[in-house]
Every structure is written in C-alpha cells, then in structure tokens.
Amino acid sequence: MVKGLAIVSGVALSALAFPVIVIDDFTTGSFSYTRSSVGTSSARVTGSMLGGTRWALSNVTANPNGSQLAGSVGGGVASFVAGDGLVHATDLRYGYTLGGALSDLNADLTAGGNNALKISFLENTGNLGLLVQLRRTVGTGSQWVNYNATVAASSAPFDLKIPYSVFGSFNLADVDQVILRFTNQPGEDYKLGGVEAVPEPA
C-alpha cells in the first residue's frame, strides 16, 4: 500500500516538474502550398495546436529570379523553403477561426511556472527576422505586445528561448492571440519542430 502511494506521488511530482504547454508540434493540421508571384498564400487548418486552429500566411515580397516558395506542415515539421532570391514574411497565427476572425484562446501561458517561449528550429540557413506578437482582449478593446529578434543561421537543430521578461507588464496568464512572423533573407530556408511555453531553464 505504501509503495503504491509512493509511485503515484512520484508520477504527480514528475508531471508538476514539466508543465510544458505545447502551442504547436506540427504533427496535425498538415498543409502545403507554393507561390512564385509577389502576394500572399495561406492555409487555415484544425488540429491539436493551441486553440485548435492554425493560420499560416506567407507574403512573398520579392522574387527577382522567378523562383518558388514551398511552405508545408506535416510529420512534426513546419518547412518554408525559398528559391533563389525569394523573400517572404510568413505568419503562424493562433487564436483565429477558420474564417480568419478572432477566437480568443484565454490561454494561461504561465501555468505550472512557465516563463519562456521555446521555438525549436530544425534548420535555419540564413539570419532570420522574428516578430512575436501577443494579444489579449481587454473589455471592448485589446492590448498588444511585440518582440523583435534576429535568429542566427544554423545548419544544426537548436532551441530559441524567449524569456517572458521581454514582454514587460503584458499579462501572459491571459493570452488570446499568438502570432509568430518569420522574415527570411533572400533565398534562405528554415524548418521548425515545435513551439512551446516552458519553464526556464528547461
């Protein structure tokens, strides 16, 4: 009897020690699109990501050599491969309906002691612009916070951790929309393996 209780206690403590919130692991909501002309392509899909929907939106802003952007999600990978000279800004948006309207997440990203966002990169062939935007509904209005960074190129997998302190006084215990915007260098590619809210160090 005592031994059994000890095992249950150990499992509970283990769960509390790893309060990771998976925003997206890219195992569901698969899609693929290609684009060669300046303009936007997008995919709105359902799955196990935070809020149950993901809106991917790629805006090709320059393509002097007539090459192609190939964007896809599937098998635990979000892949955005740009042809020679092509530049694009691609959003991954959470907290929207399949029609593109706001659908508040009411997500507590601090639950269990989480204090950082983690973006797992499988590869990043060129320095990559990153914009993180968080939104929360406040009464009949809204509050936004932005964080900008440059993600260094790496051929090896790595995790980028963004401490919550960069968001200042924004209430991360009540997040309604999450937008991650990646802007590539001409012709450079990146692949993601997941996005999570984690305790740091984790």
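Cut-offs used in this document
Residue numbers run consecutively from 1 along every chain, following the written order of its sequence. Note on the predicted model: pLDDT of at least 70 is required for a residue's local features to be given, and 80 or more for side-chain atom pairs to be given and counted; whole-chain, interface and lining totals, by contrast, use all residues. Each side-chain value is derived from all of the structure's non-hydrogen atoms; neither hydrogens nor water enter the calculation. Side-chain atoms within 4.5 Å are what join buried Ala, Val, Leu, Ile, Met, Phe, Trp, Tyr and Cys residues into a set we call a nonpolar core. Per-residue accessibility, obtained with a 1.4 Å probe over protein chains only, is compared with the maximum for each type, and a residue is labelled buried under 20%, exposed over 50%, and partly exposed between these values. Note on definitions: a residue-residue contact is assigned when non-hydrogen atoms from the two residues lie within 4.5 Å. Paired strands, in this sense, are two strands between which DSSP finds at least two bridges. Here a helix means four or more residues in a row that DSSP labels H or I, a strand means two or more in a row labelled E, and each is numbered from the N terminus. An axis is simply a line fitted to the C-alpha atoms; with a helix, the fit covers only the stretch in contact. Between two such axes, the angle follows the N-to-C directions and lies from 0 to 180 degrees. Ring pairs are drawn from Phe, Tyr and Trp, using the six-membered ring of Trp, whenever the two centres fall within 6.5 Å, and their geometry is named by plane angle: stacked under 30 degrees, edge-to-face over 60, tilted for the rest. Sitting over a ring, as applied to charges here, requires NZ of Lys or CZ of Arg to be within 6 Å of the ring centre and within 35 degrees of the ring normal.

**Describing the nonpolar core**
And then number 1: Counting residues in hydrophobic clusters, the biggest one holds 40 residues, and the most contacted among them are L109, L117, L134, F167, F182 and L192.
And then number 2: In this view, L109 contacts I21, L50, N114, L117, Y164, L172, A173, V175 and A197; residues no more than four positions away in its chain are not counted.

**Regarding the sheet that holds strand β9 (residues 128–138)**
And then number 1: Taken together, the six strands give an open sheet; going across it, the order is β3-β4-β7-β12-β9-β10, and neighbouring strands pair in antiparallel fashion. Each having just a single partner strand, β3 (39–46) and β10 (141–151) make up the two edges of the open sheet. Along the sheet, successive strands turn relative to each other by an average axial angle of 15°, direction set aside.
And then number 2: In this sheet, strand β12 (residues 177–183) lies alongside strand β7 (residues 87–94) in antiparallel orientation, the contact comprising six bridges. Looking across to β12, one finds that R93 is bridged to I179.

**Some remarks on the packing of aromatic side chains**
And then number 1: Applying the stated criterion across every chain, the model contains seven aromatic pairs.
And then number 2: Seen in terms of ring centroids, F121 and F158 are 4.9 Å apart; in terms of plane orientation they differ by 5°. Their pairing is stacked. Highlighted residues: F121 in strand β8 (residues 116–124) and F158 in strand β11 (residues 158–163), separated in sequence by 37 residues.
And then number 3: For F121, a relative accessible area of 1% gives the class buried.
And then number 4: With relative accessibility at 21%, the residue F158 sits in the partly exposed group.
And then number 5: An aromatic cluster is present here, built from F80, F121, F158, F182 and Y190 joined pairwise through their rings.
And then number 6: Across from the ring centre of W55, 4.2 Å away, lies the NZ or CZ of R44, which sits over that ring.
And then number 7: The residue whose ring lies beneath R93 is W55, and the NZ or CZ to ring-centre distance is 4.5 Å.

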